[in-house]
Amino acid sequence: MLNLFEMKPRKRYHRGILCLLLWGISPLLLAQKTSKPNILYILVDQWRAQSAGYAGNQDVHTPQLDRLASQSMNLTHAVSGMPVCSPHRASFLTGQYPLTHGVFMNDVLLDTNQITLGKVFKSAGYQTAFWGKWHVDGHGRSSYIPVTRQQGFDDWKALECTHDYNNSAYYEGNSPVKKVWETYDAIAQTQDVCQYLTKPSKRDKPFFLVLSIGSPHDPYQTAPEKYQRMYAGKTFQLRENVPAELAEKVQQDLRGYYAHMSAIDDCIGMLRKTLHEQGLDKNTMIVFTSDHGDLVGSHGAWNKQQAYDESIRVPFLIHYPKAFGPKGKKSKALINSPDIMPTLLGFSGIKVPNSVEGKDFSRILMGQQKNDVTHTLISCVQPFGQWTRARGGKEYRGLMTEKYTYVRDLKGPWLLFDREKDPFQMQNLIGQASLAALQNSLDQDLTKELKKRNDAFLPGLDYVKKWKYVIDATETVPYVKINYQGLPISDTSSGYPNLK
Ligand SMILES: [Ca+2]
């Protein structure tokens, strides 16, 4: 398939040996016996695409990510198709859309019989590892997750979900003994991953390692003090869609949001330094992305699920000079959550299983195939949690194109934004007579896309019933006392810290 691994091996080998000798390191110690790429997949939580230095935000300090972006393929139009935690993670792991894998709400179990990234990489000879936040287990947020529900990851230090980043628990391997990360979890987990990468066994096989970090998700003011001090007393440029009366709260939240981001930025630096020191940098693809964004006051709302850009667009960097060269590149390819699995498999030369619905973008991104993707599906199957019906939440289906966002609710056409002319999505163009042809064409494309996905766009509760999920009065799956099946949860932590 790919010829990446066949490029002048002798020349590369000799140059590599010379470098290692100059560094005083034995090449035998560092030579990795693999022609497949390692993958370090860094997944963060609730980091919107707009909030990074390289994305044009002058306020947040992200020098490591900016450097990474300057050497990476930057997917500027990456989309989290159902922008909320568990649905994205289940799509990432299976390559399927939420109505297929069934995880269209948080805190439900991803079928353990699914063909997942962990299992496919493992059967292709990879060492697979998962560190951090899992959130597709559905048995309570701090319960032990046995190996039978770990979806093919060999090495495991994970927890279902916590937002208590300074008192963050995890389970290791198949042990039910709860452990706690010693410091702010993103940093402790990163240091541990760096340690893991120094093990000689990492040279035997290629690895697929997921580092799944819980921040910059709220609570915002909980990053280590060092990072909070960077933003103390600062006033930022707010997005134009933040209502004036919320400005003060948004400024305060952004101080914390950016502090978490700067802490994670340091983690990126640590990981890259370790990969370099271990001689793994040349053959390791680094992916940096988020499960969804955060509105942080835009359109008067917080968090996710909504179809606005701050919620639905995510950072997506692929650092892989073997494929993309040493210099940064940008692509407007509309990569969506279900497309991640086949794309990673494509880069690794591994056959994509038939269960996958997403598209392999690897050859498109390497310029070897024409990009024929003109739109991608976005949806909210059933609103819940922070976007309940009482808060305006509702079911929707929509399309993102390079230029437009078009969304239908159960009553019909709902939102139409020209994101190039109106990047803050202040003008809903639905029903404008002069744009009738455009609206009609997007609506027809959406109808075709839904048909292709076997999606009848029914009321959310129909799907809740079909999957037999137990919900509470707000139509949310409870996760503290009982689980999605109505069974008692033994470890009843909410996952949120007690903040005074
Ligand atoms: Ca999340």
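Residues numbered from 1 in each chain as written. Predicted model: local features only at pLDDT ≥ 70, side-chain atom pairs only at ≥ 80, totals over all residues.

K.L.:
Help me understand the overall build of the protein in this model?
P.N.:
What the protein contains, in helices and strands, is 15 helices and 14 strands. Whereas a compact globule of 500 residues would reach a radius of gyration of roughly 23 Å, the protein reaches 22 Å, a difference of no more than 12%. For the protein, the C-alpha atoms occupy an extent of roughly 70 × 50 × 50 Å along the three principal directions. With 500 residues in all, the protein has 49% of them scored as buried. (Helix = DSSP H or I, 4+ residues; strand = E, 2+ residues; numbered from the N terminus. Rg over C-alpha atoms; globule rule 2.2 N^0.38 Å. Buried ≥ 20, exposed ≤ 12 C-beta atoms within 10 Å, placed from the backbone.)

K.L.:
What should I look at first to understand unusual backbone geometry in this one?
P.N.:
Across residues other than glycine, the phi torsion is negative in most instances, and most of the peptide bonds are trans. Each neighbour pair has its own omega, and for Ser215 with Pro216 the value is 5°, a cis peptide bond. Within the fold, Pro216 resides in strand 7 (residues 207-216). The step from Asp218 to Pro219 runs through a cis peptide bond, and the omega angle for that step is 5°. If you trace the backbone, Pro219 turns up in the loop between strand 7 and helix 8 (225-231).

K.L.:
Any chance you could explain helix 7 (residues 185-197) here in plain terms?
P.N.:
In an α-helix, one turn spans 3.6 residues; hence positions three or four apart end up facing the same way. The end-to-end C-alpha distance of helix 7 is 18 Å, a good match for the 18 Å that 13 residues give at a rise of 1.5 Å each. Of the positions making up helix 7, those classed as buried are Asp185, Ala186, Ile187, Ala188, Gln189, Thr190, Val193 and Leu197. (Expected span 1.5 Å × (residues − 1).)

K.L.:
What exactly am I supposed to notice about the packing of helix 7 against helix 9 (residues 247-277) here?
P.N.:
The relative placement of two packed helices comes down to the angle between their axes together with the axis-to-axis distance. One way to put it is that helix 7 packs onto helix 9 with a least axis distance of 10 Å and a crossing angle of 5°. By the angle between their directions, the pair helix 7 and helix 9 is classed as roughly parallel. Residues Ala186, Ile187, Thr190, Gln191, Val193, Cys194 and Leu197 of helix 7 pack against Ala263, Ile264, Cys267, Met270, Leu271, Thr274 and Leu275 of helix 9. Of the residues that constitute the contact of helix 7 with helix 9, the class distribution is 11 nonpolar, 3 polar and no charged. (Axes fitted to C-alpha atoms, helices over the stretch in contact; angles between N-to-C directions. Parallel < 35°, antiparallel > 145°, perpendicular 65-115°, else oblique. Contact = placed C-beta atoms within 7 Å. Nonpolar A, V, L, I, M, F, W, Y, C, P; charged D, E, K, R; others polar.)

K.L.:
How should I be thinking about helix 9 in this particular structure?
P.N.:
Given a rise of 1.5 Å per residue, 31 residues ought to cover 45 Å, and the 44 Å separating the end C-alpha atoms of helix 9 matches this to within 8%. Positive phi shows up at Gly279, right after helix 9, with a value of about 70°.

K.L.:
Sorry if this is basic, but what is going on with the pairing of strand 8 (residues 284-290) here?
P.N.:
Among the 7 residues that make up strand 8, 7 are buried, leaving the element largely enclosed by the rest of the structure. As judged from the 7 bridges shared by strand 1 (residues 38-45) and strand 8, these two strands associate in the parallel manner. Note that in strand 8 the partner of Leu40 across the bridge is Ile286. Sheet topology places strand 8 next to strand 9 (residues 316-319); 4 bridges connect them, and they run antiparallel. By the bridge assignment, Val287 is partnered in strand 9 with Ile318. (Pairing = 2+ DSSP bridges.)

K.L.:
Can you help me understand the confidence of the model for the protein in this one?
P.N.:
When pLDDT is low, close inspection of the predicted coordinates is not appropriate. Here the protein averages 93 in pLDDT, and 93% of its residues register 70 or above. Taken together, the stretch residues 1-30 has pLDDT below 50 and engages in 13 contacts with residues farther than four places along the chain or on a different chain. (pLDDT = per-residue confidence, 0-100.)

K.L.:
Any chance you could explain the nonpolar core here in plain terms?
P.N.:
The tendency in soluble globular proteins is for nonpolar side chains to be buried side by side. Ala158 and Ala263 are the most contacted members of the largest nonpolar core, which totals 126 residues. Element by element, the count of residues in this core is highest for helix 9, at 12 residues. The residue makeup of this core includes at least three contributed by each of domain 1 (38-373) and domain 2 (396-458). (Core = buried A, V, L, I, M, F, W, Y, C linked by C-beta atoms within 7 Å. Domains from an automatic or database assignment.)

K.L.:
It is not clear to me how the sheet that holds strand 1 should be interpreted in this structure. Could you clarify?
P.N.:
Working definition: the strands of a sheet are paired by backbone hydrogen bonds and lie parallel or antiparallel to each other. Spatially, 10 strands are ordered 6-5-4-3-7-1-8-9-2-10 in an open sheet, and the strand pairing comes out mixed. Every other strand in the sheet has two partners, leaving strand 6 (179-180) and strand 10 (329-331) as the edge strands with one partner each. Of the pairings in the sheet, the one linking strand 3 (residues 127-133) to strand 4 (residues 155-159) comprises 5 bridges and is parallel in character. Paired with Lys133 across the bridge in strand 4 is Leu159.

K.L.:
Can you walk me through the environment of Ala456 in this structure?
P.N.:
Here Ala456 lies in the loop between helix 14 (436-452) and helix 15 (460-466). In this structure, the C-alpha to C-alpha distance between Ala456 and Asp265, residues 191 residues apart in sequence, is 42 Å.

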